[in-house]
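Architecture and fold: a report
One letter stands for each residue in the lines below.
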Amino acid sequence: MRLRVERTAKGDLMAKFQIGDIVQLKSGGPKMTVKQVFPDGVVSCHWFSGTKLSSGIFSAETLVVAEGPGDNRTGKNKA
């Protein structure tokens, strides 16, 4: 898994994702590719809605590494 954990100035733990990671909202939804990671814990992602490319910006706290086919934690496509 390419998930780094860093301590913020307040001593809180903050998950940091890397560009290219496959993530998903904790609440579910489509698998998304991390496009950019900002120092303040905000992550820019893109994904496909059918044939349309969509994008959004999310707090790192709302994301988890996606599991299943295309699982990037092992570096192998499980399809």
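Everything below is about the structure printed above this text.
Definitions and limits used
- Residues numbered from 1 in each chain as written.
- Predicted model: local features only at pLDDT ≥ 70, side-chain atom pairs only at ≥ 80, totals over all residues.
- Heavy atoms only, no water.
- Pairing = 2+ DSSP bridges.
- Helix = DSSP H or I, 4+ residues; strand = E, 2+ residues; numbered from the N terminus.
- Axes fitted to C-alpha atoms, helices over the stretch in contact; angles between N-to-C directions.

**What about the pairing of strand S4 (residues 28-37)?**
Bridge analysis of strand S3 (residues 22-25) against S4 gives three bridges, and the strand direction is antiparallel. When the sheet's bridge partners are listed, Ile 22 is paired in S4 with Thr 33. Here S4 pairs with strand S5 (residues 42-49) via four bridges, running antiparallel. Opposite Gln 36, over in S5, you have Ser 44 as the bridge partner. Counted between consecutive antiparallel strands, the loop separating S4 from S5 contains four residues, among which Gly 41 sits at a positive phi close to 90°.

**Thoughts on the sheet that holds strand S7 (residues 63-65)**
Taken in spatial order, the five strands line up as S6-S5-S4-S3-S7 in an open sheet, and their pairing is antiparallel. On the outer flanks of this sheet lie strand S6 (52-59) and S7, each paired with one strand and no other. Strand after strand, the sheet turns through a mean of 40° between neighbouring axes, direction not considered.

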